[in-house]
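Notes for the structure review
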Amino acid sequence: MVYLQKYLEDCGCDPDLVQLIRLISRQMEPIRKAFLDNQFYEHTLNASGEVQAALDKWADAHLIKVIGESGYVREIASEEQEDIIRFENSRREYAMVMDPLDGSSLISTNLAVGTIVGIYESGGVMQKGSNLKAACYTLFGPLTVLVVSVGKGVQSFAWDPKSEHYYLLKKSFDIPEGKIYGSGGVYKDYIPAHEKVLSYFDEKGFKVRYSGSFVADCHQLLVYGGIYTYPALKKSPKGKLRLLFEANPLGYIITQAGGAITDGYQSPLDIQPEKVHQRTPIYIGSAGIIKKIEEIYREQ
Ligand SMILES: O=P(O)(O)OC[C@H]1O[C@](O)(COP(=O)(O)O)[C@@H](O)[C@@H]1O
Ligand SMILES: [Mg+2]
Ligand SMILES: [Mg+2]
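Residues numbered from 1 in each chain as written. Chains lettered and ligands numbered in written order. Predicted model: local features only at pLDDT ≥ 70, side-chain atom pairs only at ≥ 80, totals over all residues. Heavy atoms only, no water.

An unreviewed UniProt entry annotates the chain as Fructose-1,6-bisphosphatase class 1 originating from Methanospirillum lacunae. Annotation of the chain in UniProt includes, under Catalytic activity (unreviewed entry), the sentence "beta-D-fructose 1,6-bisphosphate + H2O = beta-D-fructose 6-phosphate + phosphate". (UniProt positions renumbered as here; feature names shortened; annotations may be inferred.)

So this is what it looks like as structure tokens:
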């Protein structure tokens with residue numbers, strides 16, 4: 001069995017980056033254990049104006065504390081924090097963006113949710129996603145699975161509670177041109193370009209697979225191919241998902257697996273962020289389908 005730390009070291013990762021990814025990965029069991037006592041919703045809103053789940057706040061506070069104390073990270077931007085958090089005493093310049101708990105609306109349904117993290121080597125968090133040094137996410141499903149990319153393709157690791165290690169599950173992913181899709185939003189709010197994209201999916205006989213958890217709906221694309229989308233809507237032209245915490249880390253990983261991401265016109269990975277919590281429309285998944293989606297948008 002190949003364990004996470006050994007695999008990252010064999011990839012030639014900086015030792016502190018190996019330790020940072022390992023430290024992040026080891027917070028997933030405490031987060032998983034916190035599910036039981038954090039099934040309720042708070043009366044507070046996050047910076048995106050969304051009601052916070054107790055687990056959103058628990059995971060956010062836990063990760064900020066542990067990662068902040070590690071000394072590896074200079075800045076953290078979190079979906080659950082209004083402002084960027086700076087650690088003056090950090091001994092390294094890594095900068096981390098995170099969605100501490102993605103899929104919050106599913107916590108009480110026991111469907112798969114996860115934690116999303118992007119890591120920049122230096123230069124702070126307000127950077128293009130194309131500058132990411134590494135990205136990872138966990139999926140709290142039947143297994144606790146960690147999916148990670150350090151720029152050398154994509155690997156998945158499974159948590160083994162007996163040995164208390166993550167061991168290598170799959171050492172590479174190559175996204176096929178699949179025929180499943182999941183679209184956020186409601187029909188009456190769809191813009192004409194998105195309606196045309198959905199008609200294309202129907203013509204091609206695509207099946208709907210949408211759970212309400214971005215990280216879970218994206219993860220399945222690594223295996224089956226296809227598309228996850230939360231598009232621009234009439235009343236919210238930038239869609240729902242956040243550029244820094246959701247689009248960029250998953251866009252980096254899916255691209256590393258031979259897939260692609262677009263907002264309809266360009267890759268969000270090429271967008272210079274202006275606001276910490278800015279949103280972006282997202283189509284993510286099989287590269288050939290993304291190309292077709294951009295053709296449809298160009299024809300509008
Ligand atoms: O409930 P909707 O409108 O379908 O939106 C679901 C989407 O919202 C999200 O839950 C937003 O993420 P958070 O749970 O981190 O806020 C995505 O995971 C998911 O794809
Ligand atoms: Mg999210
Ligand atoms: Mg979240």
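Next, the rest of the story.
**Observations concerning the coordination of the magnesium ion (ligand 3)**
Glu79 (OE), Asp99 (OD) and Leu101 (O) make up the full set of protein donors to the magnesium ion (ligand 3), lying at 2.2 to 2.3 Å. Mapped onto the polypeptide sequence, the residues donating to the magnesium ion (ligand 3) form the spacing pattern E-x19-D-x1-L. Between the magnesium ion (ligand 3) and the magnesium ion (ligand 2) the interatomic distance amounts to 3.6 Å, and Asp99 serves as a bridging ligand to the pair. Here Leu101 lies in strand β5 (residues 94-102) and Glu79 lies in the loop between β3 (73-78) and β4 (85-86), a separation of 22 residues in the sequence. Comparing Glu79 with Leu101, the two get one shared label, buried. (Donors = N, O, S within 2.8 Å, 3.2 Å for Na, K, Ca; no water. Helix = DSSP H or I, 4+ residues; strand = E, 2+ residues; numbered from the N terminus. Buried < 20%, exposed > 50% of the residue type's maximum accessible area, 1.4 Å probe, protein only.)

**Looking at the UniProt feature "binding site: Mg(2+) 2" (unreviewed entry) in the chain**
As recorded in UniProt, the sites labelled "binding site: Mg(2+) 2" (unreviewed entry) are Asp99, Asp102 and Glu246. These annotated residues cover 148 residues of sequence, and their C-alpha atoms all fall within 8.4 Å of one another, placing them together at a single site. Here Asp102 shows up in strand β5. If near-sequence neighbours (up to four positions away) are discounted, Asp102 is found in contact with Val113, Gly114, Ile116, Ser213, Phe214, Val215 and Glu246. One can find Glu246 in helix α7 (residues 243-256). The exposure class assigned to Glu246 is buried, which follows from its relative accessible area of 1%. Contacts of Glu246, omitting those with residues within four sequence positions, involve Glu79, Asp99, Asp102, Ile116, Phe214, Leu241 and Gly251. A polar contact of 2.6 Å, which involves the side chain of Glu246, links it to the backbone nitrogen of Arg242. (Contact = heavy atoms within 4.5 Å. Polar contact = N/O pair within 3.5 Å; in protein donor to acceptor, adjacent residues only side chain to side chain.)

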